[in-house]
2 protein chains.
Amino acid sequence: MSLTLSPIGIIHTPFRTLAECPSNGRKPQPVPVCQVTLKPEFLPGLDGLAGFSHLILLYWLDREKPKPAGWKVTPRFDNQPRGVFATRTPNRPNPIGLSVVALDRILPDGRLEVRYLDCVDGTPLLDLKPYLPSTDSEADASMGWLTPHRTARPA
Amino acid sequence: MSLTLSPIGIIHTPFRTLAECPSNGRKPQPVPVCQVTLKPEFLPGLDGLAGFSHLILLYWLDREKPKPAGWKVTPRFDNQPRGVFATRTPNRPNPIGLSVVALDRILPDGRLEVRYLDCVDGTPLLDLKPYLPSTDSEADASMGWLTPHRTARPA
C-alpha cells in the first residue's frame, strides 16, 4: 500500500543545513523564532487557532540520508545502536518529523511565529494540530535509555 | 510535490467503525487495551524501547470522508465551523492521525499493548516515536475554543 501526501506549506528556521540543526528545538539559547507559511488555499483552516498556546507540527524530513541498516541508529550523543523507534532520529521508515511548538503570534497574513523547531529551513509542512494538554501532555512519562540525555527545561 | 509513505504496521482497536470511535482515546471507561503490530522487517527498530512509558503513534486515517469545504468543520460536540487546523478532526489535508499512548507491554513477538487510541480497527501505522516529556509535554498549554470541552484526566 502506498499513501500520498502533499505539503500544505513551508517551515522557515535559521538552520540552513542539517549540520546546523540542534538535536532538539529547545536547546539553542536563546530559542529562535521560526515561521510557518501555509499555502493560500489552506489559510481558512487556521480559523479558530487563536487562544491555543502550543501546536503540534508534522513535517517532511526531506534532507535525510539513506535508511539505516537493520533500522538501528547510533545517536550523536550516545555510543550504542538503538532501534529507530526508540529514538527521534529523522532517518525513519516514513520520514515524518514532529515538534511541539509554542505559538507566539499569528500574523495578519496568516504566517505563524513559533518556537522550538529543530528542522532545516525550507522543510515542507504536512500538518498542524492544536496541542491539547488533556490528551497530549504526560509530564511524568519515563524516557528509558534517553533519561540521562534529558533536555533541561527552564523553571 | 507528492510524497509517498508506506505503512509500517497495523493498529488493532475495539472500534470496528468510525461511528464507534470515541472523540478521544481517554474517554471510554475503562480505557481499552489496543495492540500495535509491526511488519516483521521493522521489528529490529523496536530495540531500546523498554523503559519508555509513553509513545507517540502516527497513523493513516484511511476511512475518512471527502475533504471539508473551505477547510472548516463543525465538531460533533460544537455548533460552529472551525478551521481544520484548530481541531483534531480526521478530515485534514493530509490524513495523519496522532495519539499519545501509554505503553503497557511489549510482547515477546514484538506486539505492543497500548492505551488511549481512538482510531478504527485496522488503521495503518506510519510511525512510532518515544514520548519525551522534556520536549513533548506542555501541561499548562491553553486550548482556545476547546477549553470548555477539555477531557477530564483522572487525578
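Keep in mind it's a predicted model, so treat the numbers as computed, not measured.

Visitor: So what's going on with the interface of chain B and chain A? Residues and values would help.
Guide: Contact with chain B, which involves 70 residues of that partner, is made by 70 residues of chain A. Between chain B and chain A the total buried area reaches about 6,500 Å² when both faces are included, carbon and sulfur atoms providing 58% of it. The three residues of chain B that bury the most area against chain A are Leu 3, Phe 85 and Glu 138 of chain B, which together make up 12% of that side's buried surface. For the interface between chain B and chain A, the tally reads eight salt bridges.

Visitor: Describe the relation of the copies chain B and chain A, naming the residues involved and giving the relevant values.
Guide: In the superposition of chain B on chain A (RMSD 0.0 Å, axial shift 0.0 Å), the rotation amounts to 180 degrees. The relationship between the two copies is best expressed as a two-fold rotation axis. In this assembly, 100% of the residues forming the interface of chain B have copies in chain A that are likewise at the interface, indicating an isologous arrangement.

Visitor: For the packing of aromatic side chains, give the residues involved together with the corresponding values.
Guide: Across all of its chains, the model carries four aromatic pairs over all chains by this definition. On the numbers, 5.2 Å between centres and 50 degrees between planes, the contact of Phe 42 of chain A with Trp 71 of chain B is tilted. In this pair, Phe 42 of chain A sits in the loop between strand S3 (33–38) and strand S4 (54–60) while Trp 71 of chain B sits in the loop between strand S4 (54–60) and strand S5 (72–73), so the two residues belong to two different chains. Among the residues examined, Trp 71 of chain B registers a relative accessible area of 16% and is labelled buried. Seen from their ring centres, Phe 77 of chain B and Trp 145 of chain B are 6.2 Å apart, and the 20 degrees between their planes marks the pair as stacked. Linking Phe 77 of chain B in the loop between S5 and strand S6 (82–83) with Trp 145 of chain B in the segment after helix H1 (133–136), this pair joins segments that are 68 residues apart in sequence. The side chain of Arg 26 of chain A reaches across the aromatic face of Tyr 116 of chain A, ending 3.9 Å from its centre.

Visitor: A description of empty space enclosed by the protein should follow, citing residues and the corresponding values.
Guide: Inspection of the entire model under this criterion finds one cavity of 30 Å³ or more. A volume near 40 Å³ is recorded for the largest cavity. Lining the largest cavity we find Ile 56, Leu 98, Val 100, Tyr 131 and Asp 136 of chain A together with Ile 56, Leu 98, Val 100, Tyr 131 and Asp 136 of chain B. Of all the secondary-structure elements, those providing two or more residues to the lining of the largest cavity are strand S7 (96–106) of chain A together with strand S7 (96–106) of chain B. Here the residues of the lining of the largest cavity sort into eight nonpolar, no polar and two charged.

Visitor: Go over the environment of Gly 97 of chain A with me, naming the residues and quoting the values.
Guide: Tracing the sequence through the fold places Gly 97 of chain A in strand S7. Taking relative accessible area as the criterion, Gly 97 of chain A reaches 6% and is therefore assigned buried. Each residue touching Gly 97 of chain A, except ones within four places of it in the same chain, is listed here: Leu 57, Leu 58, Tyr 59 and Leu 61 of chain A together with Lys 129 of chain B.

Visitor: Please set out the pattern of salt bridges residue by residue, giving values where relevant.
Guide: Side-chain pairs of opposite charge can arise where the charged atoms are in close proximity. Counted by the stated rule, this structure contains 22 salt bridges over all chains. For the salt bridge of Arg 92 of chain B with Asp 127 of chain A, the shortest nitrogen-to-oxygen distance reads 2.8 Å. Residue Arg 92 of chain B is found in the loop between S6 and S7, and its partner Asp 127 of chain A is found in strand S9 (residues 123–130); the two belong to separate chains. For Arg 92 of chain B, a relative accessible area of 0% puts it in the buried group. A salt bridge links Asp 127 of chain B to Lys 129 of chain B; the shortest N-O distance between them is 2.9 Å. Lys 129 of chain B matches Asp 127 of chain B in its accessibility class, with the two residues each being buried. Linked through salt bridges whose partners overlap, the residues forming this network are Arg 92 of chain A together with Asp 127 and Lys 129 of chain B.

Quick notes on the rules
Residues numbered from 1 in each chain as written. Chains lettered and ligands numbered in written order. Predicted model: local features only at pLDDT ≥ 70, side-chain atom pairs only at ≥ 80, totals over all residues. Heavy atoms only, no water. Contact = heavy atoms within 4.5 Å. Buried area = accessible area lost by both parts, 1.4 Å probe. Salt bridge = Lys/Arg side-chain N within 4 Å of Asp/Glu carboxyl O. Least-squares fit on C-alpha atoms with pLDDT ≥ 70 in both. Phe/Tyr/Trp six-rings, centres within 6.5 Å; stacked < 30°, edge-to-face > 60°. Helix = DSSP H or I, 4+ residues; strand = E, 2+ residues; numbered from the N terminus. Buried < 20%, exposed > 50% of the residue type's maximum accessible area, 1.4 Å probe, protein only. Lys NZ or Arg CZ within 6 Å of the ring centre and 35° of its normal. 1 Å grid on protein atoms, 1.4 Å probe; cavity = no way out; pocket = protein on both sides within 12 Å on 5 of 7 lines; lining within 4 Å. Points joined across faces, edges and corners; volume = space filled by probe spheres on them. Nonpolar A, V, L, I, M, F, W, Y, C, P; charged D, E, K, R; others polar.

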